[in-house]
Every structure is written in structure tokens, then in C-alpha cells.
Amino acid sequence: MQSLTNRNKPVDRAPMNFWERLYLPEIFKGMIITLRHLFKRKATIQYPEQKREFSRVWRGLHVLNRDEEGRERCTACGLCALACPAEAITMEAAERELGEENLYREEKYAAKYEINMLRCIFCGLCEEACPKDAVYLSETVAPADYARKKFIYTKEDLLIPNPVTEPEAYAKAKGLEPNENRLTGKR
Ligand code: SF4
Ligand code: SF4
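Since the model is a prediction, treat every value here as computed from it, not as a measurement.

(A) Looking closely at the overall build of the protein chain. Each helix and strand in the protein chain was counted, giving 6 helices and 5 strands. Listed N to C, the secondary structure of the protein chain is α-α-β-α-β-β-α-β-β-α-α in terms of helices and strands. Here the C-alpha atoms of the protein chain give a radius of gyration of 27 Å, more than 25% beyond the 16 Å that 2.2 N^0.38 yields for 187 residues. Each principal axis of the C-alpha distribution contributes one length, and for the protein chain these read about 90 × 50 × 30 Å. Burial analysis of the protein chain (187 residues in total) assigns 15% to the buried set. In the protein chain, the share of contacts with a sequence separation of at least 24, taken over all contacts with a separation of at least 6, comes to 68%.

Shown next, in the form of C-alpha cells:
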């Protein structure tokens, strides 16, 4: 058959010589290569017991931020969704009711906020676009799963624990020690 490109290489089908037909020399050659690799620096690590250090600019799973009083920062302006090149973010806005001032920082908030992690390319543009410091990419790896629907992260999955009512969980999510609980804004 005629080749479409000139990148094809003819397969060498030369008959085996005497030593190749003996097989043992080839097996020893293979074992020497294996033995050489035993003394080389390993390319693999014992994950999850060992973990590699991430780059300082590494971006992981998203977090929806709260302010120092525990109120949700997101005002459902939609700028993150507009900035997202993968169209991974969807949200529904709602008006804050009287008496909900301790829950939501602004008069409008995201009643629903979802990120499709199968679409997300972890570019960080949503974080850049947010005027309220409400979304940032943490250092947590998005866990693997078998079901596609598990990769749709809802607001409940993304929202950081409340620093007032759950200070320890909040400190852990922020990567702070429990007695060092302070809001540092973006990482
Ligand atoms: S990190 Fe990039 S791709 Fe992922 S949700 Fe944000 S803007 Fe979209
Ligand atoms: S996360 Fe930020 S940019 Fe996105 S809707 Fe909320 S306030 Fe707007």
C-alpha cells in the first residue's frame, strides 16, 4: 500500500543469527539493563505515603471564600463564568433577604454555583476575574472518580468552612495551623 507520508520505516525482518536463536545472550542483556536501573534514581514515588512538592504556581481545586465574619463573598456577578475559557462555571443569583446579612456579604449572592471539573483546565482565569476575592484555586488535588457526575462540584462542595463556627476546619482548608486562624485573603 502506498504511504501517505514518507515517515514510515521498513521493518527489519532479517533472519535471527546463531546467538539470537540461542535466546540466553539476549536474556542476559535484558537482565543487565534491569540491574542497571536498580541503582539509578527512581522516577516513581510511594504515593500517597510520599508526595511530591508542587510548584509555587500550581493550581488545584477551587474554593469559594468567606470574609472574616464567615459571610459568603460571592455576589454572583458572573465575571468568573465569563472569563472561563472552558465554560465550566454556572451559577444562579438570588437577592439577600432581611436577616441574612450575617450569611452573605453583598445584597446579591450565588444561590447555586457549580464548576464542572471535567471541563476545567485549571487556568486560574476565574480567580483573576473575581472582583470580590470570592474564588481561588487551592493546593488540593481534585480527586479521581469513576462517575462523571461526581466531577460537578456544587457550592456546598466548594464553600470554605465558616471561620467563626468551624475555626479548625477553616484553618485546615486554608492550610493554617489551628491557633493561627486568620484570614489571609488569596494565597
Ligand atoms: S480555572 Fe480556568 S477553566 Fe477552570 S473554572 Fe476557572 S477559568 Fe474555568
Ligand atoms: S466568584 Fe467572584 S467573579 Fe464569580 S460570580 Fe462570585 S463574585 Fe463574581
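Now, onward.
(B) Structural detail: the site of ligand 1. Among the 14 residues in the neighbourhood of ligand 1, the closest are listed as Cys84, Cys120, Cys123, Leu125 and Cys126. Here the residues of the shell around ligand 1 sort into 13 nonpolar, 1 polar and no charged.

(C) Structural context of the site of ligand 2. Close to ligand 2 lie 14 residues, the nearest being Cys74, Cys77, Leu79, Cys80 and Cys130. Its residues assigned to classes, the shell around ligand 2 comprises 11 nonpolar, 2 polar and 1 charged.

(D) Broad picture of the nonpolar core. Counting residues in hydrophobic clusters, the biggest one holds 20 residues, and the most contacted among them are Leu64, Cys74, Cys80, Ile89, Cys126 and Val135. Only strand 1 (62–64) and strand 3 (108–116) provide two or more residues apiece to this core. Here the element with the most residues in this core is strand 3; it accounts for 4 residues.

(E) Representation of the UniProt feature "binding site: [4Fe-4S] cluster 2" (unreviewed entry) in the protein chain within the structure. Here the UniProt feature "binding site: [4Fe-4S] cluster 2" (unreviewed entry) sits at Cys84, Cys120, Cys123 and Cys126. The largest pairwise C-alpha distance within this set of annotated residues, which runs over 43 residues, is 10.4 Å, so the set is compact in three dimensions. Among the structural elements, cysteine 84 can be located in the loop between helix 3 (79–83) and strand 2 (89–95). Setting aside residues no more than four positions away along its own chain, cysteine 84 makes contact with Ile89, Leu125 and Cys126.

(F) Looking closely at the sheet that holds strand 3. In space, the 3 strands of this open sheet follow the order 2-3-5, with antiparallel pairing throughout. Pairing within the sheet leaves two strands with one partner each, and these edge strands are strand 2 and strand 5 (152–153). Pairing between strand 2 and strand 3: 7 bridges, direction antiparallel. Each residue of the ladder has a partner; that of methionine 91, found in strand 3, is tyrosine 113.

(G) Structural context of unusual backbone geometry. A cis amide bond links tyrosine 47 with the next residue in sequence, proline 48, at an omega value of 10°. Structurally, proline 48 can be placed in the loop between helix 2 (24–38) and strand 1. For alanine 76, which is not a glycine, the phi torsion comes out positive at approximately 55°. Structurally, alanine 76 can be placed in the loop between strand 1 and helix 3. Non-glycine residue glutamate 87 carries a positive phi angle of around 50°. Locating glutamate 87 in the fold gives a position in the loop between helix 3 and strand 2. For glutamate 87, a count of 10 C-beta atoms within 10 Å gives the class exposed.

(H) A look at the pairing of strand 3. With 2 bridges connecting them, strand 3 and strand 5 associate as antiparallel partners. Bridge pairing in strand 5 links isoleucine 115 to tyrosine 153.

What counts, and where the lines are drawn
- Residues numbered from 1 in each chain as written.
- Chains lettered and ligands numbered in written order.
- Predicted model: local features only at pLDDT ≥ 70, side-chain atom pairs only at ≥ 80, totals over all residues.
- Helix = DSSP H or I, 4+ residues; strand = E, 2+ residues; numbered from the N terminus.
- Rg over C-alpha atoms; globule rule 2.2 N^0.38 Å.
- Buried ≥ 20, exposed ≤ 12 C-beta atoms within 10 Å, placed from the backbone.
- Contact = placed C-beta atoms within 7 Å.
- Near = placed C-beta within 6 Å.
- Nonpolar A, V, L, I, M, F, W, Y, C, P; charged D, E, K, R; others polar.
- Core = buried A, V, L, I, M, F, W, Y, C linked by C-beta atoms within 7 Å.
- UniProt positions renumbered as here; feature names shortened; annotations may be inferred.
- Pairing = 2+ DSSP bridges.

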